[in-house]
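For reference, the chains in residue letters:
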Amino acid sequence: MIIHLNDDWHFYSSIESKEYETVRLPHSNVVMPYNCFDESVYQKISKYEKTIYVEDLWKNKAVLITFSAVAHQAKVYVNDMLVHTNSCGYTSFTVDISKYLEFEKENKITVIADANETLNQPPFGNVIDYMTYGGIYREVYIDILEKTYISDVFITGKARRADGLSEFTADIEVATEAVDCEYEIDLSIYSVKDNTRIFEETYNTKESKIHVSEKIKAENWDLDNPNLYRVMAKLYHDEKLLDEFSDRFGFRDAIFKDDGFYLNGNKVKIIGLNRHQSYPYTGYAMSKRVQINDADILKNELNVNAVRTSHYPQSKHFINRCDEIGLLVFTEIPGWQHIGDEKWKEIAVDNVKNMVRQYRNHPSIILWGVRINESADDDDFYTRANAAAKESDPCRQTGGVRCIKKSSLLEDVYTYNDFTHSGKKHVIAKKKDVTDKDVPYLITEYNGHMYPTKMFDDESHRVEHALRHARVINAVMGDDSVAGCFGWCMNDYNTHKDFGSGDRICYHGVMDMFRNPKDAAYAYSSQSDKYPVMHIATSMSKGDYPMAMTKSIWAFTNCDYIKMSINGRHIKDFYPDKVRFKDLLHPPIEIDDFTGDILTKDLGFSEYSDKVIKKLLSYIFVNGPENLPIRYMLMMATVLIKEKLTINKLTQIITSHVAGWGDNVKRYVFEGIKDGKTVATQIKEPLKQMKLLLLTDTSELKEDETYDTASVRIRAVDQNMNLLNYCNEPLRIVTEGPIKLIGPDNISLKGGCAGVYIRTDKRCGKAVLRVIGNDISTVTKLLAETEFLVSCKKDRQIDLS
């Protein structure tokens, strides 16, 4: 029997405090500002207390309490008796508290949560490029079992063989105090898709551990068809059911070879992003739905096929969702560059064991990270860490992320952070220059600190950010010796004073902290054919560029080509750049001609003059009009003579027909064409109306094991739904009904974007979220709202009338 313990904890902000706040889990030990705060605010020791009534029926039972994560050292007390100390803030831990309970009484559970970064345990000991936060930030539950119970089932499914059968192995562990006692274990496997049972067998044993190997008919787990199965183990003694254990798994083969990564025998190029599990205001403390939403964003918005859980194991809800949607996962132990003393190393090796044992049934996980991210070589330490992973899971390969070349390789895969690309010719390092061994090779980070980019940076900076991501993906796609790459990173994140932009934010993401996409996000989303993608990365505002000039604009799209019209007149069709991005599935498109045949047809210029003027403009847009090279001056002189123009008249023509200044305001229409049909349209013209767009991940919330949370992304857009990157207006957030706002109710747009999180508060019914701001063009109230239906476990149907 499982009892969830997520409600009604008394939280003391310090161990000396006499005052408490009643809170629900997940919980952060402090609510933080969006930015511009000192990371010391969460570095403290706080206390959580909860009372539970222990019934007499619990006698002679094993009562296990599980904390899914506490940041970062947790001391657990039962009735003021210390029963366990845990020294990892990123994995779960379970404590048998049976002997400390008093029956038919209220019992007090106390947790002293130490979030100081001075602790002698990973990831601490030196600077860290991410905040580590504090609190009981994942869920807690109690499991009441017989004294003899199933403590673990490790199950591995292999991909279907040529004979149509799939092999699985199961290692079942029984926790018992009995001696020489015989048990029956019923093992069943069900398809998650339709709940049909595909296997059932009974095994008799006197051992506490048994190994099972069988062959059955099953479907593979892969990227497009992530077929899942549920293993059910039931433990009997003298025909009495003692315990049952259930978990999900999949049948698949995942292996890195020296020429790439193979899933079920098929070569797959890994294109992924790194993810931090942090959010504005609450740090790590975010409930199930939001964790799931991040996986969905990666798979279905960014259209990547993999994620690295940098730099620590992440929520079971996130990993469960990766299993469900077919998103590959590289997960690793906590740490960032620093290696501590022997005690520190022992904890790190324990972290490997706990990570592997807790996550090894997940088919989405393809690689264990057993090194501290970007640390120096330490052969003795990493020999132990690698062995710990192999002992707990002999099936999966290991990697260890480093940023040094020719590093000592004790793992199976050479995983390397490649920051070669600085915008110049060289994009990624050659494998032979990184490792002299003919081994599997995976790029685990790129870009990031090489080119931080904010939503409110100027347009040319934002576009270059996107192009840098596209260049690296292109280089990786074209190199068969590289298994794939993980870009740094999915989203911006709060960080320490030593990093970021001085406001405690690292602007390294292809999305902002609320998961609003930057231009670079479309470098990824366009590499799929799931649905039409066309992002024209410009506002067509020349004043955003030096000297009000730009040579070209870029589009990130999976369309066959883009048709551009100006003021209703077709100018030209533009095609993917298959020269500079020859290995991308869908190269970006450079749009570099804004006159089309206007000069020849409307003004009667010769084709030669048209070509020369366009070439001349291209040079000027990049280098400016001053100090033209002699060859350009000669070409211009030829045009003036040929067309019988003065320099002033030519300048007037260019200003009117190319620059579009004055009354000749231009309306640009871009049409994405695929298979001969228009599948996407974007319009660029001067702003006439500003409005707020609210994008919610759900309209239905449910009170269940704990509170539910909805993510609301806010975007300021013009009349054509184009993002207004320089709109930074203040907004006021108002809620009505059974929801609460997470964070402040007065915020501001940043780069035209913002976001809020709202959570349930134990009540049910209809709720409304309103976002109010000022439309600077009319100085009137601007209102956007969205509705939610909040239900409880037994109250799904609610009348909204």
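Residues numbered from 1 in each chain as written. Predicted model: local features only at pLDDT ≥ 70, side-chain atom pairs only at ≥ 80, totals over all residues. Heavy atoms only, no water.

K.L.:
Hey, could you run me through the layout of surface pockets in this one?
P.N.:
Take a probe with the size of a water molecule and roll it over the atoms, and the empty space left behind shows itself. Taken as a whole, the largest pocket encloses approximately 1,900 Å³ of empty space. Lining the largest pocket are 47 residues, and of these Thr66, Ser92, Thr94, Tyr141 and Phe245 sit closest to its centre. The residue inventory of the lining of the largest pocket, partitioned by class, reads 15 nonpolar, 15 polar and 17 charged. (1 Å grid on protein atoms, 1.4 Å probe; cavity = no way out; pocket = protein on both sides within 12 Å on 5 of 7 lines; lining within 4 Å. Points joined across faces, edges and corners; volume = space filled by probe spheres on them. Nonpolar A, V, L, I, M, F, W, Y, C, P; charged D, E, K, R; others polar.)

K.L.:
Sorry, what's going on with the pattern of salt bridges here?
P.N.:
Side-chain pairs of opposite charge can arise where the charged atoms are in close proximity. Tallying each qualifying case throughout the model produces 51 salt bridges. Across the pair Arg248 and Glu324 runs a salt bridge whose closest N-O atoms are separated by 2.9 Å. Taken together, the positions of Arg248 in strand 17 (residues 240–249) and Glu324 in helix 2 (residues 316–325) put the pair 76 residues apart, joining distant regions of the chain. Accessibility expressed as a relative area gives 32% for Glu324, which makes it partly exposed. Put simply, Glu787 and Lys766 hold a salt bridge, and the shortest N to O gap is 3.5 Å. Of this pair, Glu787 sits in strand 46 (residues 780–791) while Lys766 is found in strand 45 (residues 765–775), placing the two residues 21 residues apart along the sequence. Judged by relative accessible area, which is 39%, Glu787 ranks as partly exposed. Residues joined by salt bridges that share partners form a network here, namely Lys47, Glu49, Asp80 and Lys108. (Salt bridge = Lys/Arg side-chain N within 4 Å of Asp/Glu carboxyl O. Helix = DSSP H or I, 4+ residues; strand = E, 2+ residues; numbered from the N terminus. Buried < 20%, exposed > 50% of the residue type's maximum accessible area, 1.4 Å probe, protein only.)

K.L.:
Teacher, can you tell me more about the nonpolar core here?
P.N.:
If you look at soluble globular proteins, the nonpolar side chains tend to sit buried side by side. Membership of the largest hydrophobic core comes to 65 residues, with the highest contact counts inside it found for Leu298, Leu302 and Tyr524. Discounting residues that sit within four places of it in the chain, Leu302 has contacts with Leu273, Ile297, Met490, Val510, Met511, Ala521, Tyr524 and Ser525. The next biggest cluster of nonpolar side chains, apart from the first, holds 35 residues, and it includes Val290, Leu701, Leu724 and Leu769. (Core = buried A, V, L, I, M, F, W, Y, C linked by side-chain atoms within 4.5 Å. Contact = heavy atoms within 4.5 Å.)

K.L.:
I would appreciate a short explanation of the pairing of strand 24 (residues 365–369) in the present structure.
P.N.:
On a regular strand, one side chain projects to one face of the sheet and the next to the other, so that they alternate. Of all 5 residues making up strand 24, 5 are buried, and the element is well covered by its neighbours. Looking at chain direction, strand 23 (residues 328–332) and strand 24 are connected through 4 bridges and run parallel. Note that in strand 24 the partner of Val329 across the bridge is Ile365. One crossover worth recording links strand 23 to the parallel strand 24 by way of helix 3 (residues 342–359), and it is right-handed. Sheet topology places strand 24 next to strand 25 (residues 397–399); 3 bridges connect them, and they run parallel. Note that in strand 25 the partner of Trp368 across the bridge is Thr398. The parallel pair strand 24 and strand 25 is bridged by helix 4 (residues 379–392), and the resulting crossover is right-handed. (Pairing = 2+ DSSP bridges. Right-handed = clockwise from strand over helix to strand, strands pointing away.)

K.L.:
Help me out: how do you make sense of a negative patch on the surface in this one?
P.N.:
On the surface, a cluster of negative charge is contributed by Glu182, Glu184, Asp238 and Glu239. Mapping Glu182 onto the fold places it in the loop between strand 12 (166–175) and strand 13 (183–191). (Patch = residues over 30% accessible without salt bridge, like charges linked within 9 Å, V, L, I, M, F, W, Y side chains within 5 Å. Areas by Shrake-Rupley, 256 points an atom, 1.4 Å probe, with all protein chains shown as cover. Lys, Arg positive; Asp, Glu negative; His and termini not counted. Charge placed at Lys NZ, Arg CZ, Asp CG, Glu CD.)

K.L.:
Help me understand the packing of aromatic side chains, please; the structure alone is not making it clear to me.
P.N.:
Geometry of an aromatic ring pair is reported as the spacing of the ring centres plus the angle between the planes. The full count for this structure, using the stated rule, is 29 aromatic pairs. The interplanar angle of 55 degrees and the centroid separation of 5.7 Å between the aromatic rings of Tyr284 and Tyr312 together place this pair among those described as tilted. Here the residue Tyr284 occupies a position in the loop between strand 21 (270–274) and helix 1 (288–301), and Tyr312 occupies one in the loop between strand 22 (306–309) and helix 2, the gap between them amounting to 28 residues. For the pair shown, Tyr284 and Tyr312 are each scored as buried. Seen from the ring of Tyr262, Lys257 lies directly overhead, with NZ or CZ sitting 4.6 Å from the centre. (Phe/Tyr/Trp six-rings, centres within 6.5 Å; stacked < 30°, edge-to-face > 60°. Lys NZ or Arg CZ within 6 Å of the ring centre and 35° of its normal.)

K.L.:
Teacher, can you tell me more about unusual backbone geometry here?
P.N.:
Most of the time, phi is negative for any residue but glycine, and the peptide bond is trans. The peptide bond linking Pro122 to Pro123 adopts the cis configuration, its omega dihedral lying at 10 degrees. Within the secondary structure layout, Pro123 lies in the loop between strand 9 (105–114) and strand 10 (140–146). With phi around 65 degrees, Asn195 is a residue other than glycine that occupies positive phi space. The residue Asn195 is located in the loop between strand 13 and strand 14 (197–205) in this model. In this structure, Gln337 takes a positive phi of about 75 degrees despite not being glycine. Examined against the element boundaries, Gln337 turns out to sit in the loop between strand 23 and helix 3. By relative accessible area, Gln337 is classed as partly exposed at 34%.

K.L.:
Any chance you could explain the pairing of strand 37 (residues 677–684) here in plain terms?
P.N.:
Pairing analysis gives 7 bridges linking strand 36 (residues 668–674) to strand 37, with the strands arranged antiparallel. If you follow Val669 over to strand 37, its bridge partner there is Ile683. Between the antiparallel neighbours strand 36 and strand 37 lie 2 residues, among them Asp675 with a positive phi of about 55 degrees.

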